[in-house]
Amino acid sequence: HDVVQDVVKTLAARPPHEADEQVVAEVFATAFDSHALASHGYAADFRAIALSLVVYFAESRKGKGSVSPETLTLAVPGGEIVVTPDEVLLDAGGGRAFRRIRSGHQSSRATDGLAAAAFQLAATDLFPGCRVELVYLPDASVTPVQLNRNVLERRRGKVAEALGQIAAGAFP
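Now for a quick tour of the structure.

The rules behind the values
Residues numbered from 1 in each chain as written. Predicted model: local features only at pLDDT ≥ 70, side-chain atom pairs only at ≥ 80, totals over all residues. Heavy atoms only, no water. Core = buried A, V, L, I, M, F, W, Y, C linked by side-chain atoms within 4.5 Å. Buried < 20%, exposed > 50% of the residue type's maximum accessible area, 1.4 Å probe, protein only. Helix = DSSP H or I, 4+ residues; strand = E, 2+ residues; numbered from the N terminus. Contact = heavy atoms within 4.5 Å. Phe/Tyr/Trp six-rings, centres within 6.5 Å; stacked < 30°, edge-to-face > 60°. Expected span 1.5 Å × (residues − 1). Polar contact = N/O pair within 3.5 Å; in protein donor to acceptor, adjacent residues only side chain to side chain.

## Side note on the nonpolar core
Part 1 of the argument: Of all hydrophobic cores here, the largest spans 25 residues; its most connected members are Leu-72, Leu-74, Phe-98 and Phe-119.
Part 2 of the argument: Among the elements that line this core, the one with the most residues is helix 4 (residues 114–126), at 7 residues.
Part 3 of the argument: Leave out the neighbours within four places in its chain, and Leu-74 touches Gly-79, Glu-80, Ile-81, Ala-118, Leu-121, Ala-122, Asp-125, Arg-156 and Val-159.
Part 4 of the argument: Val-3, Val-24, Ala-58 and Leu-137 belong to the second largest nonpolar core, which has 22 residues in total.

## Quick word on the packing of aromatic side chains
Part 1 of the argument: In total, this model carries 2 aromatic pairs according to the counting rule given.
Part 2 of the argument: For the pair Phe-98 and Phe-127, a centre-to-centre distance of 5.5 Å together with 40 degrees between the ring planes defines the contact as tilted. Taken as a pair, Phe-98 in strand 5 (residues 96–102) and Phe-127 in the loop between helix 4 and strand 6 (131–136) lie far apart in primary sequence, 29 residues in all.
Part 3 of the argument: The exposure class assigned to Phe-98 is buried, which follows from its relative accessible area of 0%.

## Some remarks on helix 5 (residues 149–167)
Part 1 of the argument: For helix 5, which comprises 19 residues, the first-to-last C-alpha distance of 27 Å matches the rise-based estimate of 27 Å (1.5 Å per residue) to within 8%.
Part 2 of the argument: Within helix 5, burial applies to Val-151, Leu-152, Arg-155, Arg-156, Val-159, Ala-160, Ala-162 and Leu-163.
Part 3 of the argument: Buried residues along helix 5 sit against strand 2 (72–76), strand 3 (79–83) and helix 4.
Part 4 of the argument: The backbone nitrogen of Asn-150 lies 3.0 Å from a side-chain oxygen of the residue at the head of helix 5, namely Asn-148.

Put into structure tokens, the structure is as follows:
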């Protein structure tokens, strides 16, 4: 996971059009070869798996523009939640997609839990009409977070409740 996350972070910092196959291969090789996995007995297998994840990431960005991710703040009673997307892509019409990139498989509650709700709330509060996406590299999937307004408002209350409990020293 470390190699994949390092490569994703490096590539996400570049505009998608600058991450062609050669750049992806070079960034990946540098990261993999400097990691302890490179000398493991199963290095060839690990390399192939990790490279497939990174290649999917690069392909999922093709044809899009990007802007530097900015910190998103979700104000709730008693405090605020800070969310930083891994990347922000722009479509041809200028629409924004705030993305979190994961090197693990998608869980059954990934798109409707408090973390996803906080992400969607923070992004749509600042950029109404934007898209929020969770990218799961092993699943080769880009999953939209599309909680409806009623669900989002209930989740906003639950986030505020959880923050209040944490502030009181109780960790839910």
